[in-house]
Amino acid sequence: MSLLDVRNVHKSYDNGVEILRNVNFSMERKECLGLVGESGCGKSTLARLILQIESFDKGSILFEGTELQNKSERSLKPYRKNIQAVLQNPASALNPKLRIKDSLMDPYLQFGSQVNLKYFTYTSEANFIGQLLETVELPRSFAERYPHELSGGQKQRVTIARAISIEPALIILDEPASSLDVLSQAALLKLLGGLRETLDTSYLFISHDLSAVQEMSQRIMVMKGGVIVDSFEKEQLFCSDRHSYTKELISMFE
Ligand SMILES: Nc1ncnc2c1ncn2[C@@H]1O[C@H](COP(=O)(O)OP(=O)(O)OP(=O)(O)O)[C@@H](O)[C@H]1O
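Residues numbered from 1 in each chain as written. Predicted model: local features only at pLDDT ≥ 70, side-chain atom pairs only at ≥ 80, totals over all residues. Heavy atoms only, no water.

- Looking up the protein chain in an unreviewed UniProt entry gives the name Oligopeptide ABC transporter ATP-binding protein, with the organism given as Peribacillus simplex.

In structure tokens:
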């Protein structure tokens, strides 16, 4: 059974324009699947549907074989625990009034009874927070800071630490590095790559940057105008039978 199955999904907003059309793909455990496409093609919309933040018009999304749409908030809770997200803008993802330690504790407190940690250990709050900060290569002393006392890259590391704190099966990374400078981007992608192997988690890695997607992912999907126009193993990126739009994206980064 696949970890995630997205089947024939269609999504439109109130104006009736279809933003996603017949989106189909599956994800396996422990894999990193890349989703690339230009701004506005529907990548973040798809992320919101998988996260069950928005509903869709047709099709189905199954997590470990269970249909998620139309489930009550209560029955969605185990899935919410297992599907976490790291989004583009870390500043808006962290509550400015909370110390870093309190933001980091939030998922663990919210999902307490469902959290079955394999990598981290919870002996005390301070120790748990310390492990999380060290895993994302931040000093333990950052626990006492507020978000405005951290750089953009450091804030993004905190949002990653928060996402991994409950060891979800799937993390949706929606342009996680695009608000950072080139050096910080490279360091963050390296960190994320290492974490996936350590934690045995799956990533849906979303970006408009084909080179970042290629670096991170084992398989790549290309989206254009709400349609997945191409899908292939990373090694097949430069094959001659790639979709013309994939070739266009390649020519932009070569
Ligand atoms: N709530 C909404 N109501 C109406 N249209 C929306 C809504 N949210 C998104 N859209 C439209 O859906 C389309 C896809 O947006 P989406 O944010 O999914 O694209 P994206 O590929 O993630 O872009 P980016 O890389 O710039 O974040 C856009 O045309 C956008 O204007």
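**What about the overall build of the protein chain?**
Then, number 1: Within the protein chain one finds nine helices and 10 strands.
Then, number 2: Expected size for 254 residues packed as a compact globule is a radius of gyration near 18 Å; at 18 Å, the protein chain falls within 12% of this value.
Then, number 3: If one aligns the C-alpha atoms of the protein chain with their principal axes, the spans along those axes are about 55 × 45 × 35 Å.
Then, number 4: The burial tally for the protein chain puts 50% of its 254 residues in the buried class.
Then, number 5: Of the contacts made within the protein chain by residues no fewer than 6 positions apart, 66% connect residues no fewer than 24 positions apart.
Then, number 6: Just so you have it, the protein chain exposes about 11900 Å², and 47% of that area is on carbon and sulfur atoms. (Helix = DSSP H or I, 4+ residues; strand = E, 2+ residues; numbered from the N terminus. Rg over C-alpha atoms; globule rule 2.2 N^0.38 Å. Buried < 20%, exposed > 50% of the residue type's maximum accessible area, 1.4 Å probe, protein only. Contact = heavy atoms within 4.5 Å. Areas by Shrake-Rupley, 256 points an atom, 1.4 Å probe, with all protein chains shown as cover.)

**Section: the sheet that holds strand β8 (residues 202-207)**
Then, number 1: Spatially, β6-β7-β8-β3-β9-β10 is the arrangement adopted by the six strands of the open sheet, whose pairing is mixed. Lying at the two open borders of the sheet, with one neighbouring strand each, are β6 (83-86) and β10 (227-233). On average, each strand axis in the sheet is inclined to that of its neighbour by 20°, with strand direction left out of account.
Then, number 2: Docked against the sheet, helix α9 (residues 244-253) engages β3 (32-36), β9 (219-224) and β10, running at close to 105° with respect to β9. (Pairing = 2+ DSSP bridges. Axes fitted to C-alpha atoms, helices over the stretch in contact; angles between N-to-C directions.)

**Thoughts on the pattern of salt bridges**
Then, number 1: Counted according to the given criterion, the structure contains 11 salt bridges.
Then, number 2: In this structure, glutamate 64 engages arginine 29 in a salt bridge whose closest nitrogen and oxygen atoms are separated by 3.5 Å. With glutamate 64 in the loop between β4 (58-63) and β5 (66-67) and arginine 29 in the loop between β2 (18-27) and β3, this pair connects stretches of sequence that are 35 residues apart.
Then, number 3: Take arginine 29: its relative accessible area is 41%, and that puts it in the partly exposed class.
Then, number 4: Across the pair arginine 140 and glutamate 134 runs a salt bridge whose closest N-O atoms are separated by 2.9 Å.
Then, number 5: On the basis of relative accessible area, arginine 140 is assigned to the partly exposed category, the value being 38%.
Then, number 6: Relative accessible area serves as the criterion here: at 47%, glutamate 134 is assigned to the partly exposed category.
Then, number 7: In this structure, a network of salt bridges that share partners links the residues Lys11, Arg48 and Glu54. (Salt bridge = Lys/Arg side-chain N within 4 Å of Asp/Glu carboxyl O.)

**Re the sheet that holds strand β1 (residues 4-12)**
Then, number 1: Taken in spatial order, the four strands make up an open sheet running β2-β1-β4-β5, and their pairing is antiparallel. Each end of this open sheet is capped by a strand with a single partner; those strands are β2 and β5.
Then, number 2: Relative to β4, β1 runs antiparallel, the two sharing five bridges. Note on β4: the bridge partner recorded for arginine 7 is serine 60.
Then, number 3: In the packing of helix α1 (residues 43-50) onto the sheet, the strands contacted are β1, β2 and β4, and the crossing angle to β2 comes to about 60°.

**Considering the pairing of β8**
Then, number 1: Burial analysis of β8 places six of its six residues in the buried class, the great majority of the element.
Then, number 2: Of the two faces of β8, the one carrying Ser202, Leu204 and Ile206 and the one carrying Tyr203, Phe205 and Ser207 are both buried.
Then, number 3: With five bridges joining them, β3 and β8 adopt parallel strand pairing. Bridge pairing in β8 links leucine 33 to leucine 204.
Then, number 4: Sheet topology note: the strand β7 (residues 170-174)/β8 ladder contains five bridges and is parallel.

**Some words on the UniProt feature "domain: ABC transporter" (unreviewed entry) in the protein chain**
Then, number 1: When the UniProt feature table is mapped to this numbering, "domain: ABC transporter" (unreviewed entry) covers residues 4-250.
Then, number 2: Across residues 4-250, the secondary structure splits into 36% helix and 24% strand, with the terminal C-alpha atoms separated by 28 Å. (UniProt positions renumbered as here; feature names shortened; annotations may be inferred.)

**A short note on the site of the ligand**
Then, number 1: Neighbouring residues of the ligand: Tyr13, Ile19, Glu38, Ser39, Gly40, Cys41, Gly42, Lys43, Ser44, Thr45, Arg48 and Glu175.
Then, number 2: Taking glycine 40, its main chain carries an N or O atom lying 2.7 Å from an oxygen atom of the ligand.
Then, number 3: Bound to the protein, the ligand loses 60% of the 640 Å² it would expose on its own.
Then, number 4: If one sorts the elements of the shell around the ligand by residue count, α1 sits on top with four residues.
Then, number 5: Among the residues making up the shell around the ligand, the classes are represented as three nonpolar, five polar and four charged. (Near = heavy atom within 4 Å. Polar contact = N/O pair within 3.5 Å; in protein donor to acceptor, adjacent residues only side chain to side chain. Nonpolar A, V, L, I, M, F, W, Y, C, P; charged D, E, K, R; others polar.)

**Digging into the packing of helix α4 (residues 100-111) against helix α5 (residues 125-135)**
Then, number 1: Between α4 and α5, the least distance of the axes is 10 Å, while the angle of their chain directions is 100°. Taken together, the axes of α4 and α5 are roughly perpendicular relative to one another. Side by side, α4 and α5 meet where Ile100, Lys101, Asp102, Leu104, Met105 and Tyr108 of the first sit next to Glu125, Phe128, Ile129, Leu132 and Leu133 of the second.
Then, number 2: Classifying every residue of the contact of α4 with α5 gives eight nonpolar, no polar and three charged. (Parallel < 35°, antiparallel > 145°, perpendicular 65-115°, else oblique.)

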